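# Chains, contacts and geometry: an overview
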Amino acid sequence: EVLTGQAALNQAHEELDALQTAMRVLNTEPEGLAEKLDALIKQNKALTKKLQTAQSQLAMSGAMAGSAQGSDQSQAIEDINGVKFMLLRIDGMDIGTLRSTVDQARDKIGEGVVVVGGVNEGKVTIIVAVSKGLTKQFQAGKIIQHIMPLVGGRGGGKPDMAQGGGSDPEGLGKALLEVKALMSA
């Protein structure tokens, strides 16, 4: 769209006003605006990563303490037919935090299967991690494909890590317990 005459001048004034507002808010001159924005974006990314890590650690400790019903967190790890298994439901966390929680749980249990699921903003996310030594026995991608219809969704992944999303939060509990049933079979 091409502007001419007074419309072009009005547009230029609006853009200049927006630029001056941005410079005032960021406390910088025009030549330093790009650098200031770049620094703020980098700082925001770093803070977001720190927040995700803190949320994951909080979720992990809270979920494990709750499922352990005491201070001994190792009780949250179950043994199913000789395989270590950890199941965590953590609602209200974004996908990055859930992934970070899966990584922490996998590090904690070592050789085993970890399932983390939760509802955030009405959407269901489930992540399954299987240690490399168990992928012949249990494949994360196949587990996800089996359970995701229970939450009105689908997913996929590799034998050692898979995730899925769905739209039916009511089915999350059943889907998570279905993993336990699959491992017991």
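What counts as what
- Residues numbered from 1 in each chain as written.
- Predicted model: local features only at pLDDT ≥ 70, side-chain atom pairs only at ≥ 80, totals over all residues.
- Heavy atoms only, no water.
- pLDDT = per-residue confidence, 0-100.
- Contact = heavy atoms within 4.5 Å.
- Helix = DSSP H or I, 4+ residues; strand = E, 2+ residues; numbered from the N terminus.
- Expected span 1.5 Å × (residues − 1).
- Buried < 20%, exposed > 50% of the residue type's maximum accessible area, 1.4 Å probe, protein only.
- Arc of directions from axis to C-beta.
- Axes fitted to C-alpha atoms, helices over the stretch in contact; angles between N-to-C directions.
- Parallel < 35°, antiparallel > 145°, perpendicular 65-115°, else oblique.
- Left-handed = near helix turned anticlockwise from the far one by under 90°.
- Nonpolar A, V, L, I, M, F, W, Y, C, P; charged D, E, K, R; others polar.
- Salt bridge = Lys/Arg side-chain N within 4 Å of Asp/Glu carboxyl O.
- Pairing = 2+ DSSP bridges.

Of the residues in the chain, 91% reach a pLDDT of 70 or more, and the chain-wide mean stands at 87. Segment residues 65-75 is flagged for pLDDT under 50; beyond a separation of four residues in sequence, or across chains, it makes eight contacts in the model.

Spanning 13 residues, helix α5 (residues 172-184) covers 19 Å between terminal C-alpha atoms, matching the ideal 18 Å at 1.5 Å per step. Inspection of α5 places L172, A175, L176, V179 and M183 among the buried residues, and these make up the whole buried set. For α5, the buried positions fall inside an angular range of 100° around the axis, keeping them on one side. Seen from the buried face of α5, the exposed residues on the opposite side, beyond 90 degrees, are K174 and L177.

At a minimum axis separation of 10 Å, helix α4 (residues 140-147) and α5 run at an interaxial angle of 130°. By the angle between their axes, α4 is oblique relative to α5. Where α4 crosses over α5, the handedness of that crossing is right-handed. Touching I143, H146 and I147 of α4 are A175, E178, V179 and L182, all from α5. Residues of the contact of α4 with α5, tallied by class, amount to five nonpolar, one polar and one charged.

A side chain with one charge can pair with a side chain of the opposite charge if their charged atoms come near. What the rule picks out here adds up to five salt bridges. A salt bridge links K132 to D160; the shortest N-O distance between them is 2.8 Å. You can see K132 sitting in the loop between β4 (123-130) and α4 and its partner D160 sitting in the loop between β5 (153-157) and β6 (161-166), a full 28 residues away along the chain. Residue class for K132 comes out exposed when judged on its relative accessible area of 63%.

Here we take up the environment of L176. Along the polypeptide, L176 turns up in helix α5. Overall, the relative accessible area of 4% leaves L176 in the buried class. Distance from L176 to Q137, taken between C-alpha atoms, is 18 Å for residues 39 residues apart in sequence. Discounting chain neighbours no more than four positions away, the residues touching L176 are L87, R89, V115, G117 and I126.

The strands that make up a sheet are held in pairs by hydrogen bonds between backbone atoms, and each pair lies either parallel or antiparallel. Taken in spatial order, the six strands make up an open sheet running β1-β2-β3-β4-β6-β5, and their pairing is mixed. Whereas interior strands pair on both sides, the edge strands pair on one side only; in this sheet they are β1 (78-80) and β5. Each strand axis lies, on average, 20° off the axis of its neighbour in the sheet, ignoring direction. Inspection of the sheet shows strand β3 (residues 112-120) paired to β4 by eight bridges, in the antiparallel sense. If you follow V115 over to β4, its bridge partner there is V128. Packing of helix α3 (residues 95-109) onto the sheet brings it into contact with β2 (83-89), β3, β4 and β6, and relative to β3 it is tilted by some 160°.

Here we take up the side chain of T135. Mapping T135 onto the fold places it in the loop between β4 and α4. T135 gets classed as buried once you look at its relative accessible area, which sits at 17%. Leave out the neighbours within four places in its chain, and T135 touches V130, P159 and D160.

On any regular strand, side chains alternate: one points to one face of the sheet, the next to the other face. Taking burial as the measure, the eight residues of β4 include seven buried ones, the bulk of the element. Between the end of β3 and the start of β4, which pair antiparallel, lie two residues, with E121 showing a positive phi angle near 55°. Sheet topology places β4 next to β6; six bridges connect them, and they run antiparallel. Note that in β6 the partner of I127 across the bridge is Q163.

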